[in-house]
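Take a look at the letters that make up each chain.
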Amino acid sequence: MAEPSQLTQHIESFVDSYRSPNQQAASLDAIASLLKNNVLTIEKLVREMDMYLTTTDDVIRARGILLLGEVLAHLASKPLDDATVHSLIVFFTDRLVDWKALRGALVGCLALVRRKSSGGVVTANDAKAVAQSYIQNLQVQLLAQHDRKLCFELLECLLQRYPNAVASLGEGLLYAVCEGIDGEKDPHCLMLTFHIVEVVARLFPDDLLSNYAGELFEILGCYFPIHFTHPKNEDLDVKRDDLSRALMLAFSSTPLFEPSAIQLLLEKLSSSLPSAKVESLKYLSHCTLKYGVDRMAKHSEAIWSAIKDAIYTSHEPSLSLAPDSLDGLGFQESGFLSEALTLLETVLKQNDGLLLSRIIDDEDINLIFNTMTNYKNYKNIPLQSKLKLHAVGLILSVSAKSSTASCNKILESFFPRLMDTLELSVGNPSQTQLPDDNHVFTDRLNHGALFLSIELLAACRDQVAGSEEFLSESAPAHETCSLLLKNFSASLTKAFISTLATTTDDSTYGADIYFGVKGLLVLGTFPGGFLIISKSIFENILLTFTSIITSEFNKTSLWKLALKALVHIGSFIDRCHDVEKALSYMDIVIEKIVSPASFHDFTLPLPLKLEAVSVIGASGPSYMLKTVQGLEEAICANLSEVYVHGNPKSAEVAVQLLECYSNKVLPWIDEAGGYEEVLLRFALNIWNPLENCSVFSAQVHENGLLDATMKAMKLAVGSCSVESQNIIIQKAYNVLSLSTSFPLKEPMSTIPVQLKGLKLTQERNSCYSRDVLIHSLFASVIIAVRPQVHIPNLRLVLCLFMTALLKGNVAAAQALGSIINKLDVKSTGTEIPSNCTLEEVVDIIFSMSSWSFDDNGLSRKHGGMNNESEMGFPNICRGVVNNKLLQIHAITGLAWIGKGFLMRGHEKIKEITMIFLECLSSDEKTGFLLPEQDSSYDNPEHNVHLSVAKCAADAFQVLVGDSEDCLNRKFHATMRPLYKQRYYLMMMPILQSLIVESKSSSSRSMLHRAFAHIISDTPLSVILNDANKMIPVMLDGLSELSNDISDKESMYSLLLVLSGILTDKNGQEAVMECAHRIIDRLIGFIAYSHSTLVRETVIQCIAAMSRLPRMRSYKLRTQVLQAISKALDDPKRVVRLEAVKCRQAWGSIG
Amino acid sequence: MVSGLINANPVVYEKKERRVRSASDYVDEYAVEPIDQQEVFDILSASLILMPVNLTIVIVRYTVMIFERSIRDIKDPEHPYSLEELKVITEDAIEVNDERSYVRVTFTPTVEHCSMATVIGLCLRVKLMRSLPSRYKVDIRVAPGTHATEAAVNKQLNDKERVAAALENPNLVDMVDECLAPTYG
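Residues numbered from 1 in each chain as written. Chains lettered and ligands numbered in written order. Predicted model: local features only at pLDDT ≥ 70, side-chain atom pairs only at ≥ 80, totals over all residues. Heavy atoms only, no water.

An unreviewed UniProt entry annotates chain B as MIP18 family-like domain-containing protein of Dipteronia sinensis. Quoted straight from UniProt, the Sequence similarities (unreviewed entry) entry for chain B says "Belongs to the MIP18 family." (UniProt positions renumbered as here; feature names shortened; annotations may be inferred.)

An unreviewed UniProt entry lists chain A under the name MMS19 nucleotide excision repair protein, with Dipteronia sinensis as the source organism. The UniProt entry for chain A carries this comment under Sequence similarities (unreviewed entry): "Belongs to the MET18/MMS19 family." UniProt's Subcellular location (unreviewed entry) comment on chain A is quoted here verbatim: "Nucleus".

Chemist: Can you explain unusual backbone geometry? Please cite residues and give values.
Modeler: Residue and element names in this part refer to chain A. Here the phi dihedral of His972 falls at roughly 60°; this positive angle occurs in a residue that is not glycine. Along the polypeptide, His972 turns up in the loop between α43 (940-960) and α44 (979-997). His972 sits in the buried class, given a relative accessible area of 17%. One non-glycine residue with positive phi stands out, namely Leu978, at about 60°. Residue Leu978 is classed as exposed on the basis of its relative accessible area of 51%. (Helix = DSSP H or I, 4+ residues; strand = E, 2+ residues; numbered from the N terminus. Buried < 20%, exposed > 50% of the residue type's maximum accessible area, 1.4 Å probe, protein only.)

Chemist: Quick rundown of the sheet that holds strand β3 (residues 137-142) of chain B? Include the residues and the values.
Modeler: All names here are of chain B. Taken together, three strands build an open sheet; the order of strands is β1-β2-β3 and the sheet is mixed. Of all strands in the sheet, those bounded by a partner on one side alone are β1 (94-97) and β3. Strand after strand, the sheet turns through a mean of 10° between neighbouring axes, direction not considered. Its contacts with the sheet put helix α4 (residues 150-158) on β2 (102-107) and β3, and the angle it makes with β3 is roughly 160°. (Pairing = 2+ DSSP bridges. Axes fitted to C-alpha atoms, helices over the stretch in contact; angles between N-to-C directions. Contact = heavy atoms within 4.5 Å.)

Chemist: For the packing of helix α27 (residues 556-575) of chain A against helix α30 (residues 621-645) of chain A, give the residues involved together with the corresponding values.
Modeler: All names here are of chain A. One way to put it is that α27 packs onto α30 with a least axis distance of 9 Å and a crossing angle of 125°. When the axis of α27 is compared with that of α30, the two are oblique. Residues Gly570, Ile573 and Asp574 of α27 form the contact with α30, whose participating residues are Pro621, Ser622 and Tyr623. Looking at the contact of α27 with α30 residue by residue, the class counts come to three nonpolar, two polar and one charged. (Parallel < 35°, antiparallel > 145°, perpendicular 65-115°, else oblique. Nonpolar A, V, L, I, M, F, W, Y, C, P; charged D, E, K, R; others polar.)

Chemist: How would you explain the interface of chain A and chain B if you had to name every residue and give the values?
Modeler: Facing 23 residues of chain A, the contacting portion of chain B comprises 25 residues. The largest share of the area that chain A buries against chain B comes from A:Lys1132, A:Arg1133 and A:Gln1144, three residues that together contribute 28% of it. Seen at the junction of chain A and chain B, the total is four salt bridges. Ionic pairing is found between B:Glu39 and A:Arg1133, a salt bridge with its closest N-O pair at 3.0 Å. Run the count over chain A and chain B and you get 11 residue pairs in polar contact (both at pLDDT 80 or more). In terms of residues, the side of chain A that touches chain B owes the most to one element, helix α53 (residues 1133-1147) of chain A, which gives seven residues. Classifying every residue of the side of chain A that touches chain B by side-chain character gives eight nonpolar, eight polar and seven charged. (Buried area = accessible area lost by both parts, 1.4 Å probe. Salt bridge = Lys/Arg side-chain N within 4 Å of Asp/Glu carboxyl O. Polar contact = N/O pair within 3.5 Å; in protein donor to acceptor, adjacent residues only side chain to side chain.)

Chemist: Describe the packing of aromatic side chains, and please don't skip the residues or the numbers.
Modeler: To describe a pair of aromatic rings, you give the distance between the ring centres and the angle between the ring planes. Residues and elements named next belong to chain A. Counted by the stated rule, this structure contains 11 aromatic pairs over all chains. Where Phe217 meets Phe257, the ring centres are 5.5 Å apart and the plane angle is 50°; that geometry is what we call tilted. Within this pair, whereas Phe217 is found in helix α12 (residues 206-221), its partner Phe257 is found in the loop between α13 (240-251) and α14 (258-269), the two being separated by 40 residues in sequence. Each member of the pair, Phe217 together with Phe257, is buried. When the ring of Phe778 is compared with that of Phe801, the centres are 6.0 Å apart and the planes differ by 35°; the resulting orientation is tilted. (Phe/Tyr/Trp six-rings, centres within 6.5 Å; stacked < 30°, edge-to-face > 60°.)

Chemist: An account of the pattern of salt bridges is needed here, citing residue identities and associated values.
Modeler: All names here are of chain A. If you walk through the whole model with that rule in mind, you get 37 salt bridges over all chains. A salt bridge links Glu258 to Lys298, with the nearest nitrogen and oxygen atoms 3.5 Å apart. Here Lys298 lies in the loop between α16 (293-297) and α17 (300-313) and Glu258 lies in helix α14, a separation of 40 residues in the sequence. On the basis of relative accessible area, Glu258 is assigned to the buried category, the value being 1%. Residue classification places Lys298 among the exposed residues on the basis of a relative accessible area of 59%. Asp1036 is the partner of Arg1081 in a salt bridge, and the nearest nitrogen-oxygen pair spans 3.2 Å. Of the two residues, Arg1081 is situated in helix α50 (residues 1075-1085) and Asp1036 in helix α47 (residues 1027-1041); the sequence distance between them amounts to 45 residues. The exposure class of Asp1036 is partly exposed, given its relative accessible area of 32%. Sharing partners across several salt bridges, the network here consists of Asp58, Arg61, Arg95, Asp98 and Lys100.

Shown next as structure tokens:
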């Protein structure tokens, strides 16, 4: 139970105006929660507050009433009995008189009126009493902003929840509304007032409203167009657009506003403010709909001339025939123009007859038609006339699109005139073949007429496509339009084709090309089967485009447009499931361009051909299958040509085909889904030629065929399901086991290493043998398979890959990494004896000892100097065998294997990392033996050593970096969440202490290299956590890396991390601590001559530093400005531009 | 003093195509790209895009200071075009010789009596002084026949002493800085 004294305390603390707002709010909450929990009743509260509610002290009374009101607002969902609600509302209604304590009364009324029906609501009579009291007592515009807002909220709420009760008050209410909203300026209140007007207009009958409509509109009209001067940064939740929308709804709320509203809007349309014009057009289209046909009829002339003016003047002056786009009209639509067009469409839809006749009889439009001869060549039309021409095109196109009848009418009145200008005769529609040369287009066709007829045709096409009825032949509605089109389609097609045929040169006849292609495209995408556009015409169009594709590839823009048009037609056919047209399309386009036979035809350059194939193939699923098939056959044919005959020309072709397949085709197949058999077939088909070939020419792989094949193979396999992958891997294994060098014996525990072949100067040709090809391809299958797929004879495969790895085959290393990454810890394949668990695999890899066999094929244990245990794989990495190339191969391989471990979060990664670190700092040991001298750099021994260390440092890049080639999501890698973060946290302390301890400069630079690799691939948020520790190390690293040209990439990525820290809010503190050091170092790199990117980023970093607090940056200002002024004379332009920006940023600090 | 825009209905011209940065920038890392016409133009237009806007605001503010007019009448500038669009500066009007470290900018005021000519000229000069290597000699001119007091303006703009003196006037420097300031937000 609440002590009464406690309640009194709460009340007093609220009422006392000297308490802080927080205390007041707290006591309000306390009282509300007492009531909510039924510890206190309303009645008891009112009794307790008796004195505060009735005292003659204005301040205390105001606070007291406010407390009661606020408490009620908190209890919106608590059920109250009707008697309580009644007595409370009577009280508050009564208090509306009391202007000194008005706020509380308003809050109270609002809280009660807003109550949900579930827990006791105000009755209609009471509501009416509230409204009455409101009308009598409130002088809204005399109140402060917040009170006004409350008043409007109360009125809005009354109007919405008790419409009948309030409406019965009649004129009195209307008068109060007018009085209340007149002169309102606050955006929040305005939102409410606009809405109130809207509701009022809906609520009251017209005869009553008509007396006040003029007055109401006079008040509203002042706000148009909404002019919003609030600065953007002020966090106001009302936007200009909201206000404008609310006002628009208020404008259109009743047809009674029509006389004044339309007049005002038309007036504002001629204003010079662009925003006012756009608004007027928007309001006009909205109001047109709401006011109705009859009222709008008398304005139609004014509106039409307004629209015309708007369209004529609204173009962007940058009017060009964008030849890249066939979709638009070739210029950007401004907001103004699109509003004007919407208005035109609205008016047309509402009352087409009246406006249509205006359009048809319009003088300006007819003038254009009468002077069409001036528009002979598009290039020579002056800008103003061009604008007019486009405007007419737009008007006609919008009007034709608005309805079937208007389409007919427009076409009827304008189309024949255009045809006359073009001197086209009526072709015989029944004629099945093309009209013979009954008319020869000796002259260039009139461009203006061409433009307009294309616009009309396109509009007509869109209109027809939108209406269902057209598809039935007997539809009378389209009689005129379809008859006209039927009559002219043949000769129009011919005209367009001739336009295309006469083009000789790209630049001068850009318009010709555009018109020709666009015209044919419009005709080619006419809906309704062969009803309007006969089959022969359609096929003729396709033939024209196809022949352009296959033979006129010299005219780049024509070729591109034609291709685009074909794609449009293809996707159009696909969209509307037109079987007959699809047949024609297949026969003509797909057969000619995509069929496998066409790949032997070399007239069209292959890159263009592939572009055409991939784009056309993508236009519909049925074409895609055909395309894929064609491409696949071509690839297989070329591959077997390469493998059997060693034809280098085929190899070149095959590379391009494969690239197209991986980059274009595979993404579609993935996107479309459900075409797995295609992928499966492709993968198997690549293996097929390998199975049969025995002769193999080595040279052909030089040009990247192997890489392209592997990539395509990986991607294809990666998107297959487990079953298909099992089939593929089985097939691959079969081919592999046929290969000659495959060890068919029992799994070995030793690796045959042909040390003789591993000289420091690698003999490239010997590497590209057939075995390498098959091993690499097999590796790429392994890389891409899902974890569930069973790899046959895993032990053997492991041995094979280890051997390949030591020979320097990176794909084999990646495959090993993938196997390790995906292998289940508890192997599921226990029933299959050859399968092994992860531990066994690890065991095999790490305990395998190396064997060497000489040319005689006699195996013997290698090395008299080492015993077996030292020859294990890790020891090769450590360089126990005195063969550096072998060591480098081993380290690279180990990096990929380590990546497999790292990503699945396996402990083994620690051991592997230690091996790398040993290799990195092994210089330390030798460093003691050979005291460092300058001459030691010339020492070949030293160089070899460096290359090993460098390789170990780069291993960290492999470990942490994301690879496109393997171990990513596409290839189903197992990824432990946050593995990079964990590795970063593990490595940083070790690396930092190693860097501090390292004594030789070369090993320190290698450690920095490794550090840079790790840090640049770790998510920035982790680095930001200990940025203060990282920044000094990064700066040292940058200095180290800047000494070696080959490190510029690492330097760049490190700089990117630094710039990330500099621009992040969380990094600011750390940056501030060592701002001086950062600037000192960065300024040193401004002159780094080896990489433009580095210089650019350095300057960007410096510019970012200018945002530090002024007390920090001001001291550095002089130093920076001096340094930057040198960069203004940088040899590269991008750097200079950055320097200008940076100088501006630092210069403005002063 | 006028409170409205000095030229309320300027002719607006099309903007020129910009140099796009090619994605494959594998050009010679050590090759020198000399400063050329387009670059100077980019420097000017990059920061002067909003100059007319800033200029208007600055002018209006000074007007207001003097006449204490109500700020209510001041709307957003009605034609926020850049100097490029107004053809105050064009690329062809810039003459650069990188070897001889020389640049000459000829600008065209929008109307003959444009009282802003000296201010625009001063802004151009300051911008170039800050953005080009110090070896450059900058020459700013009003296009012949486009301004009523052409000779006077030219003389004023290229007189070292007078420019230096102008830049010592804190009010003027503030005004120039404001014109050249990048937009905030």
